[in-house]
Amino acid sequence: MKRLFFLIFTAVIFSSCSKSTMFIMPEYEDLDLPQQTLAIVPFDIPPVITNDDDITDDFGEGDVDEIYRDLIEKGFKSALNKYSSIVNFKFVKYDKQIETEYVQLGKDEDRIKFKLPKHPEIIEFESFEADFILFIKDWVVSRVSSRGVPFIIPVGQGVTTGGGSSSDDLTTKVRYAIWDNKNHKVVSYGKIVSEIGVLFAMTEQTWYDSFDDVVRQIMTDTPFEKEYYYGR
């Protein structure tokens, strides 16, 4: 029942989100901030996985939610090293409970309501000092199938039309905000839609490619973005 609620809820909130939209606050647009630390706090809503079978097929039996949380941590570590200048990051817990309030970011179809710190104070974590904080409101992963273009097959003196091939995408949708923990401001926020093509069957690499794409988009045009050279 709990998972059913999440599936219905997230289907509604993401129904109109077909492409990524990321926004950088004006005062952070032209900054270069290397050597920073980043805390990733517990998600506002736990990740929703609609394709449990793919997890067990690729990683074995077990608690799907736990397996996927571990994958996110491993995937983020690799991707942040590739696409950001952040020197250290951790998935953390609050040292003490903080007061939050809903803040509306953006306008019209781009608006997102986030729970952000209510008071202008540095948020502390267990054994970790964070310059910036990544808040994730929603995270939904699914496998989406789409029909391909019909194809023509020669038969004798004529032709017949095939039904067309189909392809799958591993689709990940995320709403996020990056918070400046020292200056108590939003750095950037947005809605990420990542689609990783699946040609024949999903593999472990498909999952890591999806994390790569999510992190790359989150870091794009931020003060922490680092150009990644493929093949190095």
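This write-up is about the structure you can find in this document. For every chain, the first residue of its written sequence is number 1, and the numbers climb from 1 along that sequence. Only residues with pLDDT of at least 70 are given local features in this predicted model, and only at 80 or more are side-chain atom pairs given and counted; all residues enter the totals for whole chains, interfaces and linings. Note that water and hydrogens are dropped before the side-chain values are worked out from all heavy atoms of the structure.

What to know about the overall build of the protein chain
Consideration 1: The helix and strand labels rest on DSSP assignments: H or I over at least four residues marks a helix, E over at least two residues marks a strand, and numbering proceeds from the N terminus. The helix and strand inventory of the protein chain stands at four helices and eleven strands.
Consideration 2: We call two residues in contact when some of their heavy atoms are within 4.5 Å. Counting contacts in the protein chain only where the partners sit at least 6 residues apart, residues at least 24 apart contribute 72% of the total.

Things to note about the nonpolar core
Consideration 1: Grouped together as the largest cluster of nonpolar side chains are 40 residues, with contacts concentrated most on Tyr68, Phe76, Trp139 and Ile178.
Consideration 2: Listed by contribution, the elements that provide at least two residues to this core are β2 (37-40), α3 (64-83), β7 (132-147), β10 (166-180), β11 (185-198) and α4 (204-219).
Consideration 3: A total of nine residues in this core trace back to one element, the largest contributor, which is α3.
Consideration 4: Leave out the neighbours within four places in its chain, and Trp139 touches Phe43, Pro46, Pro47, Val48, Tyr68, Ile72, Phe76, Thr172, Lys173, Val174, Phe211 and Val214.
Consideration 5: For this analysis, a nonpolar core means a set of buried residues of the types Ala, Val, Leu, Ile, Met, Phe, Trp, Tyr and Cys, connected via side-chain atoms within 4.5 Å. Three labels apply to residues, based on accessible area from a 1.4 Å probe with only protein chains included: buried if under 20% of the type maximum, exposed if over 50%, partly exposed otherwise in between. Ranked by size, the runner-up nonpolar core spans 18 residues in total, among them Ala39, Ile98, Ile123 and Ala177.

Section: the side chain of Thr222
Consideration 1: By secondary structure assignment, the location of Thr222 is in the segment after α4.
Consideration 2: You can call Thr222 buried: its relative accessible area is 7%.
Consideration 3: Within the local environment of Thr222, its side chain forms a polar contact with the backbone oxygen of Met219, the two atoms lying 2.7 Å apart.
Consideration 4: When sequence neighbours within four positions are dropped, the list of residues in contact with Thr222 reads Ile24 and Ser188. Any pair of nitrogen or oxygen atoms within 3.5 Å is treated as a polar contact; in protein, a donor-acceptor pairing is required on top of that, and neighbouring residues in sequence qualify only through side-chain atoms on both sides.

Here's the deal with the packing of α3 against α4
Between two packed helices, what matters for the description is the angle formed by their axes and the separation of those axes.
Consideration 1: Inter-axis angles, ranging from 0 to 180 degrees, are taken between N-to-C directions of lines fitted to C-alpha atoms, where helices are fitted over the stretch in contact. Following both chains from N to C, one finds α3 and α4 inclined at 50°, their axes separated by 8 Å at the closest point. Our classification of the angle between α3 and α4 gives oblique. Seen along the crossing, α3 lies across α4 with a hand that is right-handed. Residues Tyr68, Leu71, Ile72, Lys74, Gly75, Phe76, Ser78, Ala79, Leu80, Lys82 and Tyr83 of α3 touch α4, and the partners they reach there are Trp207, Tyr208, Phe211, Asp212, Val215, Arg216 and Met219.
Consideration 2: Following the grouping adopted for this structure description, the nonpolar residues are Ala, Val, Leu, Ile, Met, Phe, Trp, Tyr, Cys and Pro, the charged ones are Asp, Glu, Lys and Arg, and the polar ones are all others, Gly among them. Residue composition of the contact of α3 with α4, grouped by class: twelve nonpolar, two polar and four charged. Roughly parallel here means an angle under 35 degrees, roughly antiparallel means over 145, roughly perpendicular means 65 to 115, and every remaining angle is called oblique. Left-handed describes a crossing whose near helix is turned anticlockwise from the far helix through less than a right angle; right-handed describes the clockwise counterpart.

Details of the pairing of β2
Consideration 1: Here β2 shows two buried faces, one formed by Thr37 and Ala39 and the other by Leu38 and Ile40.
Consideration 2: Only strands that DSSP links by at least two bridges are regarded as paired with each other. Where β2 and strand β4 (residues 88-91) come together, four bridges link them in parallel fashion. In the sheet register, Ile40 faces β4, and the bridge partner there is Phe91.

Details of the packing of helix α2 (residues 52-59) against α3
Consideration 1: For the pair α2 and α3, interaxial distance at closest approach is 10 Å and the crossing angle is 70°. By the angle between their axes, α2 is roughly perpendicular relative to α3. With respect to the hand of their crossing, α2 and α3 are arranged in left-handed fashion. Here Asp52, Ile55, Thr56 and Phe59 of α2 come into contact with α3, specifically with Val64, Ile67, Tyr68 and Leu71.

Details of the pattern of salt bridges
Consideration 1: One side-chain nitrogen of Lys or Arg within 4 Å of one carboxyl oxygen of Asp or Glu is enough to make a salt bridge. Applying the stated criterion to the full structure yields seven salt bridges.
Consideration 2: For Asp212, the salt bridge identified is with Lys82, shortest N-O distance 2.7 Å. With Asp212 in helix α4 and Lys82 in helix α3, the pair connects residues that are 130 residues apart, well separated along the chain.
Consideration 3: The class of Lys82 is partly exposed, set by a relative accessible area of 22%.
Consideration 4: As a salt-bridge pair, Asp131 and Lys182 come within 2.9 Å of each other at their nearest N and O atoms. Of this pair, Asp131 sits in the loop between β6 (112-117) and β7 while Lys182 sits in the loop between β10 and β11; the two residues are 51 residues apart in sequence, bridging distant segments of the chain.
Consideration 5: Residues joined in a network through salt bridges with shared partners are Asp54, Arg143 and Asp168.

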